[in-house]
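If you want the building blocks of each chain, they are given just below.
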Amino acid sequence: EAMAAFHQLARAEGILADFRRYWAIGAVAALGAFLVRLTFGAYDYWLLAEIARSVQTWGAIVALVGLADRFLNRDHRWRPYLSVGIFPYYIIHQSIIVVTGWLVLKAAMPVLAQFVVIFAATVAGCWATYELCRAIPPLGTLMGVQRSGK
């Protein structure tokens, strides 16, 4: 329900322009609310902490969406490749993370090394899956990859 409401809000006329215009105010509000939560997050001030959490959340949303729209909303030559590949990435990424994480936990590795291995395995596994989907049409059909020319 919350995601559907946010989707409707994002589609509303002018909201994205407002996010782009007021991203700095959103960032300051989020940072200020975060500092309030650090200072007054104790049990005695739970209402203030909850209000600050809401301000922090919406301030961060305004800041991040506004910044992304302002600086990252550009077309790129990789977009067609990536937009078709996102569904196979979505389908396979969790399985790769779970299996790799399970294997990594059995090895005595520092946390940072575990992160690097899991991240690299996930990126490589997702990319390999997408390339297999492109090369093997029946697999591509199962994973939602349409062949070029269709």
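How each quantity is defined
Residues numbered from 1 in each chain as written. Predicted model: local features only at pLDDT ≥ 70, side-chain atom pairs only at ≥ 80, totals over all residues. Heavy atoms only, no water. Helix = DSSP H or I, 4+ residues; strand = E, 2+ residues; numbered from the N terminus. Rg over C-alpha atoms; globule rule 2.2 N^0.38 Å. Buried < 20%, exposed > 50% of the residue type's maximum accessible area, 1.4 Å probe, protein only. Polar contact = N/O pair within 3.5 Å; in protein donor to acceptor, adjacent residues only side chain to side chain. Contact = heavy atoms within 4.5 Å. Phe/Tyr/Trp six-rings, centres within 6.5 Å; stacked < 30°, edge-to-face > 60°. Expected span 1.5 Å × (residues − 1).

S.K.: Could you clarify how one ought to interpret the overall build of the chain in this entry?
M.R.: Helices and strands together make up the secondary structure of the chain, namely seven helices and zero strands. In the chain, the order of α-helices and β-strands from amino to carboxyl end is α-α-α-α-α-α-α. Relative to the globule expectation of 15 Å for 150 residues, the C-alpha radius of gyration of the chain, 21 Å, shows a markedly less compact shape. For the chain, the C-alpha atoms occupy an extent of roughly 55 × 50 × 30 Å along the three principal directions. Buried positions account for 19% of the 150 residues belonging to the chain.

S.K.: Before we go on, may I ask you to explain the side chain of D69 in this structure?
M.R.: Within the secondary structure layout, D69 lies in helix 4 (residues 46-72). Polar side-chain contacts of D69 include one of 2.6 Å to the side chain of R20. Excluding anything up to four places from it in sequence, D69 contacts L16, R20 and R74.

S.K.: What is the right way to read the packing of aromatic side chains from this model?
M.R.: The full count for this structure, using the stated rule, is four aromatic pairs. Consider the rings of F87 and Y90, whose centres lie 6.4 Å apart with planes at 25°: the pair is stacked. One end of the pair, F87, and the other, Y90, are both in helix 5 (residues 79-106), three residues apart, so they sit about a helical turn from each other. Owing to a relative accessible area of 58%, Y90 belongs among the exposed residues under this scheme.

S.K.: Can you help me understand helix 6 (residues 111-135) in this one?
M.R.: Because the α-helix completes a turn every 3.6 residues, residues three or four places apart line up on one side. Between the first and last C-alpha of helix 6 there are 36 Å, a value that for 25 residues agrees with the 36 Å anticipated at 1.5 Å per step. For helix 6, the full list of buried residues reads Q114, T122, G125, C126, T129, Y130 and C133. Among the structural elements, helix 5 and helix 7 (137-142) are those in contact with the buried residues of helix 6.

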